[in-house]
Amino acid sequence: MSRSHQANRLNMQGLAQDGVPLIETTLLQNLERLAQETQGLQPDSAVQWQARGELRPHDGADDEVWLHLQAKALIPLTCQRCMGVVFTPAEVNQWYRFVASEDIAMAEDDQSEEDLLVMTPQFDLLAVLEDELLMALPLVPMHDSCPVASALQAGEADIAGDTGVKVNPFAVLAQLKKKN
């Protein structure tokens, strides 16, 4: 199996030494957590992505391994106004620096501007890609202008039955006081 088909089990040191970018297309349905967020996912819906490893010199130590991850996808989500499908662009353009252990990552996290990842023998690049795409999604997906008006908007039921007379919320309490 070629390196490109093993994107979920990569040797990042090798990718960085190669310097050759990994360019892939992954079906959204194969990213299970992301697929759960979608509505009307088509079998051919995919994310185009590229990962490039890089070795950077470090003060008197071994070269640092860096990863540049870029991705683009059009993800079908549920519009929170009309409940229809809204195709939402999601993009990733992120640099990561690899460190030897979780302890080092925790210690350096506050001072570092870049995201830190722990170097593992079989790094799961697709999991990182999926995490980044999930974080790129809007909290409340909506059309700029919904193609169909929703049947009932929040609060319309109250407005429809409104007679124009404002009821004092304390009127009931006043009546109870009179009874005593």
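Remember, predicted model here, so these are calculated numbers, not experimental data. (Residues numbered from 1 in each chain as written. Predicted model: local features only at pLDDT ≥ 70, side-chain atom pairs only at ≥ 80, totals over all residues. Heavy atoms only, no water.)

(A) Representation of the confidence of the model for the chain in the model. On average, the chain scores 83 in pLDDT, and the residues at 70 or more come to 82%. Contacts for the low-pLDDT stretch residues 1-6, under 50 throughout, to residues beyond four places or in other chains number 10 contacts. (pLDDT = per-residue confidence, 0-100. Contact = heavy atoms within 4.5 Å.)

(B) Quick look at the sheet that holds strand 2 (residues 46-58). If you trace the five strands from one edge of the open sheet to the other, you get 1-2-3-4-5, paired in mixed fashion. At either end of the open sheet lies a strand with only one pairing partner, and these are strand 1 (22-27) and strand 5 (115-118). Neighbour-to-neighbour, the strand axes of this sheet turn through a mean angle of 30°, independent of strand direction. Bridging between strand 4 (residues 85-99) and strand 5 involves four bridges; their strand directions are parallel. Residue pairing across strands places Tyr 96 opposite Asp 115, the latter belonging to strand 5. Docked against the sheet, helix 4 (residues 125-136) engages strand 1, strand 2, strand 3 (61-78), strand 4 and strand 5, running at close to 130° with respect to strand 4. (Pairing = 2+ DSSP bridges. Helix = DSSP H or I, 4+ residues; strand = E, 2+ residues; numbered from the N terminus. Axes fitted to C-alpha atoms, helices over the stretch in contact; angles between N-to-C directions.)

(C) Region of interest: the pattern of salt bridges. Enumeration over the complete set of coordinates arrives at seven salt bridges. The residue Glu 130 makes a salt bridge to Arg 33 at a minimum N-O spacing of 3.2 Å. Separated by 97 residues along the polypeptide, Glu 130 in helix 4 and Arg 33 in helix 2 (residues 32-35) bring together distant segments of the chain. Members of the salt-bridge network, linked through shared partners, are Glu 64, Arg 97, Glu 108 and Glu 114. (Salt bridge = Lys/Arg side-chain N within 4 Å of Asp/Glu carboxyl O.)

(D) Quick look at the packing of aromatic side chains. Counted under the stated rule, the structure contains two aromatic pairs. Ring geometry for Trp 66 against Trp 95: centres 6.3 Å apart, planes inclined by 70°, an arrangement best described as edge-to-face. Here Trp 66, found in strand 3, pairs with Trp 95, found in strand 4; they are 29 residues apart in sequence, far enough to count as distant. Ring centres 5.1 Å apart and planes at 85° place the aromatic pair Phe 98 and Phe 123 in the edge-to-face group. Residue Phe 98 is located in strand 4, and its partner Phe 123 is located in the loop between strand 5 and helix 4; the two are separated by 25 residues in the primary sequence. Note on accessibility: Phe 98 and Phe 123 belong to one class, buried. Over the ring of Trp 66 we find Arg 56, and its NZ or CZ is 3.8 Å from the ring centre. Lying across the ring of Trp 95, Arg 56 places its NZ or CZ 4.6 Å from the centre. (Phe/Tyr/Trp six-rings, centres within 6.5 Å; stacked < 30°, edge-to-face > 60°. Buried < 20%, exposed > 50% of the residue type's maximum accessible area, 1.4 Å probe, protein only. Lys NZ or Arg CZ within 6 Å of the ring centre and 35° of its normal.)

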